[in-house]
Amino acid sequence: MKKRVLALLLAMTMLLSLAACKKDGAKKVDTKEHVKITYMFTGSKPEGAAMDRFQEMNKKLNEILTEKCNAELEFYWIGWTDYLSVYNMNIAAQDGTVDLIGTASDWLDAWPNAKNGGFKILTEDMLKTYAPETWKSVPKDHWELCKYDGDIYLMPEDNYAQWTNHGYIYRLDWAKKAGLANGVHSWEDMTKYFEYVTANKDALGINVAWDSDGTHNVQMASGWVASHSKFVPIDGICTAALWGGTKDNLYTIITPAYSDTQMMVDFAKMMKQWDEMGVWKTDVLNNTTSTNRDDYRVGLVAAEQHHTQTWTDLCSKTPSNTIYNDPNAESGFFYFGEETDNVVALSITHGAMAVSAASKNPERALMVYDLLRNDPDCYRLINYGIQGISYELDSNGYRITPASYNPDTDNVGGATSWWWGRNDNLELKDATRNWTAIESLYKVYDKIKIDYPYGQFVPNVDSIEGKVKNCNEVFGNYMKQIAYGKYSGTAEDIVAEMQAALKQAGIEDVTAELQRQFDQLYKK
Amino acid sequence: MSKGSVVAAEAPAGRKLGFFEKVRKYRTLIFMCLPTCLFFFFFSYVPLPGIWVAFVKYNYQKGIFGSRFVGLQNFEFMVESGKLWSLTRNTILYNLAFIILGNLFAVFMAILLNEIRSKAFKKVSQTMMFLPYFISHVLIGVLVFNFLNYDTGFVNTLLTKWGFERWQPYANASCWPAILIFIYLWQQSGYNSVVYFAAIMGIDGEVIEASRVDGANAFQKIRYIILPSLRPTIVILLLFALGGIVRGNFGLFYNIIGTNSLLYETTDIIETFVYRASVTDFNFSTASAVGFYQSLIGFAIVMTVNFIVKKIEPDYSLF
């Protein structure tokens with residue numbers, strides 16, 4: 001209690017003497033007591049020798065943190081198995097064992113957890129006092145996007161260029177042989193490509209064109225919709241991106257996957273064609289043990305469905321991507337929405353840091369975050385590891401791996417999952433990445449993209465929760481059959497059946513309720 | 001144990017013991033059942049007020065009793081899905097099959113084991129029967145997939161080798177009840193048979209001896225001595241099992257069927273549906289609502305069945 005009063009007093013003094021304290025403000029904060037800050041995040045915990053390497057980094061990092069704010073950082077991994085439930089359960093526990101929580105408004109439940117009382121409200125005073133660098137570097141309108149009900153809950157990763165729009169990664173050299181001289185630029189091209197690779201499976205040395213594990217259904221459906229309309233989905237309602245506006249009319253909610261019958265029938269037909277061609281394995285829906293991405297790296301499959309960020313890895317000549325031992329090999333990327341120039345930039349809260357409501361040292365947690373995000377030494381340690389062991393710099397300032405580097409043990413950056421405070425000012429570019437290809441695609445994106453328009457919309461689903469759940473469930477189930485071409489009967493029948501089921505599940509009520517909330521927010 | 005029964009037998013007829021006298025007299029017995037009582041008190045009765053979470057919009061900060069009361073709203077999504085009936089039906093039918101066939105099979109195996117004379121063979125077969133019980137459902141899911149998948153599965157490889165057409169179970173909902181029940185029996189029967197085997201061992205040797213003197217053959221011995229002696233055990237185990245009849249075997253279903261929506265018609269049970277619906281939005285309240293619904297139905301079923309058993313054979317009823 002005493003400490004808190006003190007901190008509050010300090011914060012007030014800070015405010016009163018803003019200009020004077022600007023530089024050495026952080027030093028005046030009471031840091032007499034040495035504390036341990038626990039950072040919880042999703043990622044795989046390193047084991048054996050990799051854990052030793054990780055601990056070497058952690059020790060070094062803690063030395064700096066102790067010196068600068070008398071705190072040390074402890075890592076708390078949430079493994080990937082059922083990560084969302086385990087993650088939410090850990091937040092719900094509220095036992096004070098966790099301080100910093102890596103979160104996201106689209107793929108982790110940042111807003112539901114903020115609403116449920118899992119996160120601490122970050123007042124402007126707190127941010128100015130304890131995370132001054134972060135407070136300065138994030139523009140005012142970005143802080144607006146981190147608010148729920150007028151209060152800031154998140155610190156956004158808003159200064160890091162990345163694209164996580166989905167699409168197909170494919171072998172450009174094989175596409176050329178298939179008669180697509182410029183590569184794949186539409187779903188029809190993709191069909192042509194798959195026709196070629198499935199017909200020449202043995203000659204190309206692949207097991208199957210795309211060893212999908214049967215979970216890409218919703219992603220494929222969204223991709224099809226993006227490529228055939230100007231639809232802009234709203235994040236954070238449910239996995240099935242059913243609701244959204246259009247580029248021309250952002251604030252009128254539509255549900256093309258439900259209402260645009262012809263578009264969905266065409267989708268069902270094309271996917272049936274893919275299924276019959278043998279693009280994926282016959283029992284794709286139970287194919288849970290697939291390792292498609294690793295198979296792609298070594299040339300055992302011909303395509304991978306994921307986002308741009310993954311492509312930047314797969315198109316580069318890294319030690320694990322052995323396909324590039326063949327100098328002709330090239331990887332292209334067909335992004336969903338390419339036909340209609342429909343690309344939406346990532347929301348700035350795709351990665352963000354929150355402070356647990358039960359944290360015993362929220363002030364120190366903010367100080368630690370501020371350092372990890374803005375201090376070059378801390379930043380390099382948590383992102384890349386120790387220089388000379390985990391990474392080295394070449395003469396151009398690009399990041400390379402030292403000769404002794406062992407990817408199984410020395411990839412410390414892979415163990416820390418620092419996806420909630422990356423900072424382009426401090427990033428060290430990876431020399432192995434195929435920057436010519438990557439930057440030319442980014443240029444295209446920058447020309448056509450629109451910013452995510454609904455950052456401030458945090459839907460209140462209390463009254464329609466059951467209906468949203470049921471729509472999501474129904475859509476997912478039908479898309480399993482439609483997107484993998486596994487339905488019996490005609491494409492028209494299955495789409496009609498899905499529409500009836502979605503109507504039954506209450507999709508129209510949800511649309512109406514969301515529209516009401518939209519109007520409240522945007523028609524002021 | 002022996003002391004307790006001696007004490008009970010010594011109690012003078014006609015005089016009623018006071019509460020404290022009773023406690024003192026039976027202290028050994030009471031002491032012995034104390035751990036069980038404590039277990040149920042702490043893990044079954046203390047958490048009971050928590051059922052309230054099913055009726056509120058749960059907020060971590062406000063706690064179970066401070067959160068906003070929302071009535072039956074948490075139950076709505078189950079009803080609105082229109083699947084409540086088919087899910088409950090699937091769950092109950094599967095469990096009925098598991099309970100009835102499982103017990104029949106276990107009794108059958110216990111009797112067979114009892115008839116084996118070679119000690120070495122008995123031990124080996126018991127171990128083999130036991131083994132599947134210790135394989136996790138995750139592994140079983142993988143095993144089943146490798147047996148049954150269309151492209152490279154064991155069954156289909158054999159079928160094509162023998163010149164038959166391939167079989168595609170993963171696109172055919174109707175064959176799954178049989179497959180799932182088979183897997184359940186394969187996995188559980190060995191373990192379940194232990195109880196029955198123990199009950200057979202406990203049958204008074206003199207009775208069996210007497211039947212042999214009277215000239216009963218092996219089948220007559222089973223029919224007239226062993227099966228009747230097993231009846232109380234069978235009835236009690238059935239009653240216990242019925243209480244969980246609305247609780248599905250999540251591990252088995254989720255690992256084998258996964259999220260293959262082609263098969264849901266015959267394989268979707270309450271647990272798997274709720275898992276899919278809730279895995280994306282961690283919601284204690286709806287999960288508790290479903291748990292509460294299952295408990296209510298389970299409670300009703302146990303009471304009804306116990307009532308019926310009591311009418312027919314009062315000695316076998318639970319209470």
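Counting starts from 1 at the beginning of each chain's written sequence and moves along it residue by residue. To read the labels, note that chains go from A and ligands from 1, taken in the order they are written. Reporting in this predicted model follows two pLDDT cut-offs: at least 70 for local features of residues, and 80 or more for side-chain atom pairs to be given and counted; totals over whole chains, interfaces and linings ignore these cut-offs and use all residues. Just so you know, side-chain values use all the structure's heavy atoms and leave hydrogens and water out.

Student: Account for the interface of chain A and chain B, naming residues and giving values.
Tutor: Contacts between the two partners involve 36 residues from chain A, matched on the other side by 38 residues from chain B. Buried surface area refers to the total accessible area, computed with a probe of radius 1.4 Å, that the two partners give up upon joining, counted for both partners together. Three residues stand out in chain A for area buried against chain B, namely Asp283(A), Asn286(A) and Lys469(A), and they jointly supply 21% of the buried area on that side. In what follows, salt bridge is the name for a side-chain nitrogen of Lys or Arg lying within 4 Å of a carboxyl oxygen of Asp or Glu. Applying the counting rule to chain A against chain B returns four salt bridges. Pairs of N or O atoms are called polar contacts if they sit within 3.5 Å, as long as, within protein, a hydrogen donor faces a hydrogen acceptor (for residues adjacent in sequence, only side-chain-to-side-chain pairs). If you look at where chain A meets chain B, you find 11 residue pairs in polar contact (both at pLDDT 80 or more). Looking at the side of chain A that touches chain B, the elements that each hand over two or more residues are helix H4 (83–93), helix H5 (110–115) and helix H22 (465–483) of chain A. The helix and strand labels rest on DSSP assignments: H or I over at least four residues marks a helix, E over at least two residues marks a strand, and numbering proceeds from the N terminus. Here the element with the most residues in the side of chain A that touches chain B is H22(A); it accounts for 10 residues. Think of it as three bins: nonpolar holds Ala, Val, Leu, Ile, Met, Phe, Trp, Tyr, Cys and Pro, charged holds Asp, Glu, Lys and Arg, and polar takes everything else, Gly as well. A breakdown of the residues in the side of chain A that touches chain B according to their chemical character gives six nonpolar, 18 polar and 12 charged. Throughout, a residue-residue contact means that at least one pair of heavy atoms, one from each residue, lies within 4.5 Å.

Student: Before we move on, can you summarise the confidence of the model for chain B with the specific residues and values?
Tutor: Across chain B, the average pLDDT comes to 87, with 94% of residues at 70 or higher. pLDDT is a per-residue confidence score from the predictor, ranging from 0 to 100. Scored below 50 in pLDDT, residues 1–11 of chain B shows five contacts in the model against residues more than four places distant or in partner chains.

Student: So what's going on with the sheet that holds strand S6 (residues 155–156) of chain A? Residues and values would help.
Tutor: All names here are of chain A. Between any two strands, pairing holds if DSSP finds at least two bridges. Pairing is mixed in the open sheet, where five strands are placed in the order S2-S1-S3-S12-S6. One side of each edge strand has no neighbouring strand; the edge strands of this open sheet are strand S2 (71–78) and S6. Bridge count for S6 against strand S12 (residues 352–355) is two bridges, and the pairing is antiparallel. Looking at S12, one finds that methionine 155 is bridged to methionine 353.

Student: Can you tell me about the pairing of S12(A), naming the residues and giving the values?
Tutor: Residues and elements named next belong to chain A. Exposure is judged per residue with a 1.4 Å probe applied to protein chains only, and the accessible area is read against the type maximum: over 50% gives exposed, under 20% gives buried, and values in between give partly exposed. Side-chain alternation along S12 places Ala352 and Ala354 on one buried face and Met353 and Val355 on a second face that is also buried. In the sheet, strand S3 (residues 100–103) pairs with S12 via four bridges, with the strands oriented antiparallel. Bridge pairing in S12 places leucine 100 opposite valine 355.

Student: Lay out the domain arrangement of chain B with the relevant residues and their values.
Tutor: Delimitation of the domains relies on an automatic or database domain assignment. Domain parsing of chain B yields domain 1 (2–46) and domain 2 (81–280). One C-alpha centre belongs to domain 1 of chain B, the other to domain 2 of chain B, and the line joining them spans 38 Å.

Student: With reference to specific residues and values, describe the side chain of Thr198(A).
Tutor: Residue and element names in this part refer to chain A. Along the polypeptide, threonine 198 turns up in helix H10 (residues 187–199). Residue classification places threonine 198 among the buried positions, given a relative accessible area of 15%. Here the side chain of threonine 198 touches phenylalanine 194 through a polar contact of 2.6 Å, landing on its backbone oxygen.

Student: An account of the nonpolar core is requested, with residue identities and associated values reported.
Tutor: In this structure, Tyr193(A), Phe267(A) and Trp176(B) are the most contacted members of the largest nonpolar core, which totals 97 residues. Excluding its chain neighbours within four sequence positions, the residues that come into contact with Trp176(B) are Tyr94(B), Val144(B), Leu148(B), Pro169(B), Tyr170(B), Ile256(B), Ile257(B), Leu263(B), Thr266(B) and Thr267(B). Joining through side-chain atoms within 4.5 Å is the link that ties buried Ala, Val, Leu, Ile, Met, Phe, Trp, Tyr and Cys residues into a set, and such a set is a nonpolar core. Val29(A), Ile37(A), Ala92(A) and Tyr58(B) belong to the second-largest nonpolar core, a separate cluster that totals 74 residues.

Student: Give me the lowdown on the packing of aromatic side chains, citing residues and values where you can.
Tutor: Stacked, tilted and edge-to-face are the three classes assigned to paired rings of Phe, Tyr and Trp, where Trp is represented by its six-membered ring and a pair needs centres within 6.5 Å; plane angles under 30 degrees give stacked, over 60 edge-to-face, the rest tilted. In total, this model carries 71 aromatic pairs over all chains according to the counting rule given. Considering the side-chain rings of Tyr454(A) and Phe518(A), the 5.2 Å spacing of their centres and the 45° angle between planes classify their relative orientation as tilted. Residue Tyr454(A) is located in the loop between helix H21 (435–448) and H22, and its partner Phe518(A) is located in helix H24 (residues 507–522); the two are separated by 64 residues in the primary sequence. Centre to centre, the rings of Tyr254(B) and Tyr275(B) are 4.9 Å apart; their planes meet at 70°, and the pair counts as edge-to-face. Of this pair, Tyr254(B) sits in helix H13 (residues 250–257) while Tyr275(B) sits in helix H15 (residues 270–278); the two residues are 21 residues apart in sequence, bridging distant segments of the chain. Judged by relative accessible area, Tyr254(B) falls into the partly exposed class, the value being 25%. In this structure, Lys429(A) packs its charged tip against the face of Trp435(A), placed 4.7 Å from the ring centre. Geometrically, a charge over a ring is one whose NZ (Lys) or CZ (Arg) sits within 6 Å of the ring centre while staying within 35 degrees of the ring normal.

Student: Explain helix H8 (residues 137–148) of chain B to me, using residue names and the numbers behind them.
Tutor: Given 3.6 residues to a turn, an α-helix orients residues that are three or four positions apart in the same direction. Residue and element names in this part refer to chain B. Taking 1.5 Å of rise per residue, the 12 residues of H8 would be expected to cover 16 Å, and the 16 Å separating its terminal C-alpha atoms lies within 8% of that figure. Those residues of H8 that fall on the buried side of the exposure criterion are Ile140, Gly141, Val144, Phe145 and Leu148. For H8, the angular spread of the buried residues around the axis is 135°, confining them to a single face. Buried residues along H8 sit against helix H9 (154–161), helix H10 (176–201) and H13. The span you would expect from a helix comes to 1.5 Å times its residue count less one. Taking the helix axis as origin, the arc is that swept by the directions to the C-beta atoms.

Student: An account of the environment of Thr416(A) is needed here, citing residue identities and associated values.
Tutor: Residue and element names in this part refer to chain A. Here threonine 416 lies in helix H20 (residues 412–416). In this structure threonine 416 comes out as buried when scored by relative accessible area, which is 0%. In this structure the C-alpha to C-alpha distance between threonine 416 and tyrosine 369, which are 47 residues apart in sequence, comes to 14 Å. Setting aside its immediate chain neighbours within four residues, threonine 416 contacts Tyr39, Phe41, Phe54, Met57, Phe75 and Ile382. At 3.3 Å, the side chain of threonine 416 and the backbone oxygen of glycine 413 are in polar contact.

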